[in-house]
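The primary structure of each chain is shown beneath.
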Amino acid sequence: MLAVMETNGFARELRRWRTARRWSQLELALRAGTTQRHLSYMERGRSRPGRAIVLRLAESLELSLRERNALLLSAGYAPVFAESRLDAPELRPVREAIGRVLEGHLPYPALVVRPYGELVAANAAVTVLTEGAAAHLLEPPVNVLRLALHPEGLARRVANLPEWGRHIVEALRALALRSPDDRLDAFIAELEEYVPPLPYGPGVPGYVGFAVPLRLRCDEGELRLVTTVTSFATAVDVTLAELRLEAFLPADEETARILRRRVPNCSAFREQT
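The notes below deal with the structure included here. These numbers come from a predicted model, not from an experiment.

Description of the overall build of the protein
Looking only at helices and strands, one finds 12 helices and 6 strands in the protein. Looking at the protein residue by residue over its 273 residues, the buried ones come to 47%. Sequence separation of at least 24 residues holds for 61% of the intrachain contacts in the protein that already meet a minimum separation of 6. Working note: accessible area of the protein is about 14,400 Å², and carbon and sulfur atoms make up 55% of it.

A look at the packing of helix α9 (residues 161–178) against helix α10 (residues 182–194)
The contact between α9 and α10 brings their axes to 10 Å, and the two run at 170°. Comparing the axis directions of α9 and α10 gives the class roughly antiparallel. Listed contacts from α10 to Leu161, Arg166, Val169, Leu172, Arg173, Leu175 and Ala176 of α9 are Leu184, Asp185, Phe187, Ile188, Leu191, Glu192 and Tyr194. Here the residues of the contact of α9 with α10 sort into 10 nonpolar, no polar and 4 charged.

Things to note about the nonpolar core
Membership of the largest hydrophobic core comes to 42 residues, with the highest contact counts inside it found for Leu111, Leu149, Trp164 and Leu214. The biggest single contributor to this core is α9, with 6 residues. Not counting residues within four places of it along the chain, the set of residues in contact with Trp164 comprises Ala148, Leu149, Leu154, Val158, Val212, Pro213 and Leu214. Grouped together as the second largest cluster of nonpolar side chains are 19 residues, Ala32, Met42, Ala58 and Ala75 included.

Topic: unusual backbone geometry
A cis amide bond, omega 15°, links Leu106 with the succeeding residue Pro107. Assignment of secondary structure puts Pro107 in the loop between α6 (92–104) and β1 (110–113). Here Pro140 and Pro141 are connected by a cis peptide whose omega angle stands at -5°. Relative to the elements of secondary structure, Pro141 occurs in the loop between α7 (127–130) and α8 (144–149). Backbone geometry places Arg22, a non-glycine residue, at a positive phi of 60°. Non-glycine residue Glu62 carries a positive phi angle of around 60°. Mapped onto the elements of the fold, Glu62 is located in the loop between α4 (51–60) and α5 (65–74). Look at Glu62 and you get partly exposed, because its relative accessible area is 43%.

Quick word on the packing of helix α2 (residues 25–32) against helix α3 (residues 36–43)
Two numbers describe how α2 lies on α3: the axes approach to 8 Å, and their chain directions differ by 110°. Taken together, the axes of α2 and α3 are roughly perpendicular relative to one another. Taking contact as the criterion, the partners of Gln25, Leu26, Leu28 and Ala29 in α2 are, on α3, Gln36, Leu39, Ser40 and Glu43. Of the residues in the contact of α2 with α3, the class split is 4 nonpolar, 3 polar and 1 charged.

What counts, and where the lines are drawn
Residues numbered from 1 in each chain as written. Predicted model: local features only at pLDDT ≥ 70, side-chain atom pairs only at ≥ 80, totals over all residues. Heavy atoms only, no water. Helix = DSSP H or I, 4+ residues; strand = E, 2+ residues; numbered from the N terminus. Buried < 20%, exposed > 50% of the residue type's maximum accessible area, 1.4 Å probe, protein only. Contact = heavy atoms within 4.5 Å. Areas by Shrake-Rupley, 256 points an atom, 1.4 Å probe, with all protein chains shown as cover. Axes fitted to C-alpha atoms, helices over the stretch in contact; angles between N-to-C directions. Parallel < 35°, antiparallel > 145°, perpendicular 65-115°, else oblique. Nonpolar A, V, L, I, M, F, W, Y, C, P; charged D, E, K, R; others polar. Core = buried A, V, L, I, M, F, W, Y, C linked by side-chain atoms within 4.5 Å.

This is how it looks when you write it as structure tokens:
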């Protein structure tokens, strides 16, 4: 009975992921190096998959490490990808590397986040993003996406909030398409309430995407910042695979000058675990 339940659970998950990718059975079978007939049997619960084919299917479906572990569990197999605590001794080299990267990015803001924007660590220059924000938005665990778009957070200082906010929401929507999650859907709905509608009319840029700068008002003037995102591309640990380093770069010399004056010769960074 247990084997039947495990197979049916895997069958549901396999169909769900294939449907989310909008692939036919034939397309997924070709990607995974199996036959359409075998795949059909697995999706109907008529064939109990081996561990190797589950891993091939998970990789072919381009699942995250966390999602691959979940698919293995649904088929009755133990997860193969570890999920370490970030403060674990074995991840000390990673923490030190993150610290060096954050320090090396000064005087420009940089931070490390978990999925959905939970702050892990930040350098001293990140104060330009947090100053003036309501205290409840800065209580750990800080969510940098909520901080960015909340009316009591960064949003009230963002000169191009409709465009920049839409960039954040669209990025989360793209993630939700690839990794459906009810919690993420609820979070997106919350953030959408904070973002004003896009302006339309002559002279209004019609773009939304990576090139949208953050135009941030501060005491010294207006900062223009662009964002780069870096990840651990070869990580085989769930925790590391989910970390993202978001680094802000000046889009003009005036922004660079203001930030250099704000954080002279500073190398401290804050960490949240």
